[in-house]
Amino acid sequence: MMRISEQLRKFIFWTLDFIKGSKIKRHYSAIKSHMECIDLLKVKKDQETLLVRLLNHAVETTTFYKEYKTTSITDFPVVNKELIKKNTTGFQSRRYSHKKQFSVATSGSTGASFIVQQDYNKRYRNVADILYFSELAGFQLGYRLFYLRFWSMFQKKNRLQSFFQNICPIDVFDLSPDMIQRIILRLQKDKSNKGMLGYASSFDKICNYLASKNAAQIKCNLRSVIGISERLNPKTKEMMAKYFGVQMVSRYSNAENGMIAQQPLGKEYFKINTASYFVEILHFNQNTRMRHGELGRIVITDLFNYNTPIIRYDTGDIGIMDTVQEHSGARLVLKKVEGRKMDMIRNTSGEILSTSILLLINKYEEVLERQIIQKTHNQYVFKLKLKDQAFERETVFKDEFKGYLGEDAIITIEYVTAIPLLASGKQQAIINEVGMDT
């Protein structure tokens, strides 16, 4: 049940939006109507209408797309971050160049920062996307949000913003045992309904800490937990349910576009935000679509950024598309989101391995944190942080992974006190120093 203060925040939010013309509310209603429509043929038709409208706009108002006189998405080129950065003005719509804009930027954790200009209608759409998908995960507007990220990399909110948005910022760069204990105490003392949002690896650390203390379930009115930016370990979902009594989900999003897909409660696949994006899975070396169930590049078209139309954008991530049976037909979903292409490794025969290989380490309970680095085509380094000093199953561990990497794999284990974080505060579980195109 919502507290009075939570209801008040929700009322203030929607009242201010109403005064400004219900811009967010209209988007929210459209998203909800689209995502919950049981007529999947209508869903597809509505998305195609949005797509054609965007393609026409891009052709008519940008220099980069002006030569593509077509409404077929497959006739458009696949673009990436570097191409857009080199040709910023070419991607910007001349209809919006003198209008009020909103800048969004990636953290630059795996390279230079990338800035995209959005029109304010796109901004309102993003807010509505987040509101709708947060509700699916159990979070209501007005609840307190414990937000775990590397805050020094981002502009901090002022006290007035934090009050109205009810955000409690937690810097993951200092997730020491003492810090985790303070977070848990704060969760327990705070009687409000609340949610948690943050890097998946942050929840790994919280759960490992609670496991080390043999903790009982924590009663703290936690209603929602969403992992972002990193692959969410199913074991972490189980542990969050055990210690907090809440179903955790993973969200697939990025800074330059927004809320792309999210796991439904109790599911491992990702429901695609078809209300706001058109998603494709393409071959690694060709711009052709993969069949359902096959691993490929995640390429998206943002249906609402008219300031900077982003069509067939290679996110740098890898995933698998499939279908789930729903109502009158099969709905497309992302069966897996495997992480960035640069974070994938190959076995000694050159075959790409799923990041699910990391899950094999879970049964080694003596391992708290892990990182796999591919040095050459057959040399691999496993960095392991252990509960205790000795790893008695080291030989068994190496033998098991040779079965996946190849019998000629040279495996080295380095024992570390911690896995270093990226500049963004994220933890990179897999590093490929060889490259994926060899």
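Residues numbered from 1 in each chain as written. Predicted model: local features only at pLDDT ≥ 70, side-chain atom pairs only at ≥ 80, totals over all residues. Heavy atoms only, no water.

**Q** I'd like to hear about the overall build of the protein chain, residue by residue, with values.
**A** Summing up its helical and strand segments, the protein chain has 11 helices and 19 strands in all. Considering the protein chain as a whole, with its 438 residues, one finds that 52% of them fall into the buried category. Put simply, of all contacts in the protein chain between residues at least 6 apart along the chain, 63% involve residues at least 24 apart. Summed over its atoms, the accessible surface of the protein chain is roughly 21100 Å², and 52% of this surface lies on carbon and sulfur atoms. (Helix = DSSP H or I, 4+ residues; strand = E, 2+ residues; numbered from the N terminus. Buried < 20%, exposed > 50% of the residue type's maximum accessible area, 1.4 Å probe, protein only. Contact = heavy atoms within 4.5 Å. Areas by Shrake-Rupley, 256 points an atom, 1.4 Å probe, with all protein chains shown as cover.)

**Q** Which residues make up the sheet that holds strand E19 (residues 430-432), and what values go with them?
**A** Taken in spatial order, the four strands make up an open sheet running E18-E17-E16-E19, and their pairing is mixed. Sheet topology places strand E18 (410-415) and E19 at the edges, where each strand pairs with a single neighbour. Averaged over all pairs of adjacent strands, the angle between their axes in this sheet comes to 20°, without regard to strand direction. Examined bridge by bridge, strand E16 (residues 367-374) and E19 share three bridges and lie parallel to one another. Directly across from Ile-372, in E19, lies its bridge partner Ile-430. This element, helix H11 (residues 394-405), spans strand E17 (379-386) and E18 of the sheet and lies at about 135° to E18. (Pairing = 2+ DSSP bridges. Axes fitted to C-alpha atoms, helices over the stretch in contact; angles between N-to-C directions.)

**Q** With reference to specific residues and values, describe the packing of helix H8 (residues 177-189) against helix H9 (residues 200-212).
**A** Running from N to C, H8 and H9 point in directions that differ by 90°, and their axes come no closer than 10 Å. As summarised for this structure, H8 and H9 are arranged roughly perpendicular, according to the angle between their axes. Residues Pro-177, Ile-180, Gln-181 and Ile-184 of H8 pack against Lys-205, Ile-206, Tyr-209 and Leu-210 of H9. Taken together, the residues of the contact of H8 with H9 sort by class into six nonpolar, one polar and one charged. (Parallel < 35°, antiparallel > 145°, perpendicular 65-115°, else oblique. Nonpolar A, V, L, I, M, F, W, Y, C, P; charged D, E, K, R; others polar.)

**Q** Describe a nonpolar patch on the surface, with residues and values.
**A** On the surface, Leu-16, Phe-18 and Ile-19 cluster together to form a nonpolar patch covering roughly 360 Å² of accessible area. Residue classification places Ile-19 among the exposed residues on the basis of a relative accessible area of 63%. (Patch = residues over 30% accessible without salt bridge, like charges linked within 9 Å, V, L, I, M, F, W, Y side chains within 5 Å. Salt bridge = Lys/Arg side-chain N within 4 Å of Asp/Glu carboxyl O.)

**Q** Before we move on, could you go through the nonpolar core and cite the residues and values that matter?
**A** Ranked by size, the top nonpolar core spans 41 residues in total, and within it Met-196, Phe-203, Ile-206, Leu-210, Val-225 and Phe-244 carry the most contacts. At the level of secondary structure, the elements contributing two or more residues to this core comprise strand E3 (144-149), strand E4 (167-171), H8, strand E5 (194-199), H9, strand E6 (222-228), helix H10 (234-244) and strand E7 (248-254). Residue contributions to this core peak at six residues, all from H9. Residues in contact with Leu-210, not counting those within four places in the same chain, are Ile-184, Ala-215, Ile-218, Tyr-243 and Phe-244. The next biggest cluster of nonpolar side chains, apart from the first, holds 38 residues, and it includes Ile-73, Ile-84, Ala-261 and Met-321. (Core = buried A, V, L, I, M, F, W, Y, C linked by side-chain atoms within 4.5 Å.)

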